[in-house]
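Examination of the molecular architecture
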Amino acid sequence: MSATSQPSTDAEQPTTESKEQRLRGFLAEKATDGELYFKSKFIADEVDLSPKEIGALMVKLSESCTDLEIEKWSYTSATTWRVEPA
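Described in the following lines is the structure provided in the data block.

About the cut-offs
Residues numbered from 1 in each chain as written. Predicted model: local features only at pLDDT ≥ 70, side-chain atom pairs only at ≥ 80, totals over all residues. Heavy atoms only, no water. Buried < 20%, exposed > 50% of the residue type's maximum accessible area, 1.4 Å probe, protein only. Helix = DSSP H or I, 4+ residues; strand = E, 2+ residues; numbered from the N terminus. Pairing = 2+ DSSP bridges. Axes fitted to C-alpha atoms, helices over the stretch in contact; angles between N-to-C directions. Contact = heavy atoms within 4.5 Å. Parallel < 35°, antiparallel > 145°, perpendicular 65-115°, else oblique. Nonpolar A, V, L, I, M, F, W, Y, C, P; charged D, E, K, R; others polar.

Of all 7 residues that make up strand β3 (residues 79-85), 6 are buried, and the element is covered over most of its length. In the sheet, strand β1 (residues 36-39) pairs with β3 via 4 bridges, with the strands oriented antiparallel. Across the sheet, Lys39 pairs through a bridge with Thr80, a residue of β3. With 7 bridges connecting them, strand β2 (residues 68-75) and β3 associate as antiparallel partners. Across the sheet, Glu69 pairs through a bridge with Glu84, a residue of β3. What sits between the antiparallel neighbours β2 and β3 is a turn of 3 residues, in which Ser77 has the positive phi angle 65°.

Have a look at this one:
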């Protein structure tokens, strides 16, 4: 059974990386003119990700992305994110 679990974990990793790269590229493009404020549910269709996926990826990006400043800006019915070039 563990042999079956191992390949599916490996198969998920490249997908996660491509989603992260897709979101990072989108944010970098939208933030070129300055600050960008958004809620995940409003950009979900544009990046072809669910709001939940975007939220999880935003936390990862806020810790690892050096070319963008990312912060949780406010919370009213959903997290609002603030993004600007570093």
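This next bit is on the sheet that holds β3. Pairing in this open sheet of 3 strands is antiparallel, and the strands run β1-β3-β2 from one edge to the other. The sheet is open, and its two borders are formed by β1 and β2, each paired with just one other strand. If you compare each strand with its neighbour and ignore which way they point, the axes differ by 25° on average.

A word on the environment of Thr80. Topologically, Thr80 is positioned in strand β3. A C-alpha to C-alpha distance of 4.8 Å links Thr80 and Lys39, two positions 41 residues apart in sequence. Once you skip the residues sitting within four places of it in the chain, Thr80 turns out to touch Tyr37, Phe38, Lys39, Glu71, Lys72, Trp73 and Ser74.

For the pair helix α2 (residues 40-47) and helix α3 (residues 51-64), interaxial distance at closest approach is 8 Å and the crossing angle is 100°. Between α2 and α3, the interaxial angle falls into the category roughly perpendicular. Of α3, the residues touching α2 (which contributes Ser40, Lys41, Ile43, Ala44 and Val47) are Pro51, Ile54 and Gly55. Among the residues forming the contact of α2 with α3, the class breakdown is 5 nonpolar, 2 polar and 1 charged.

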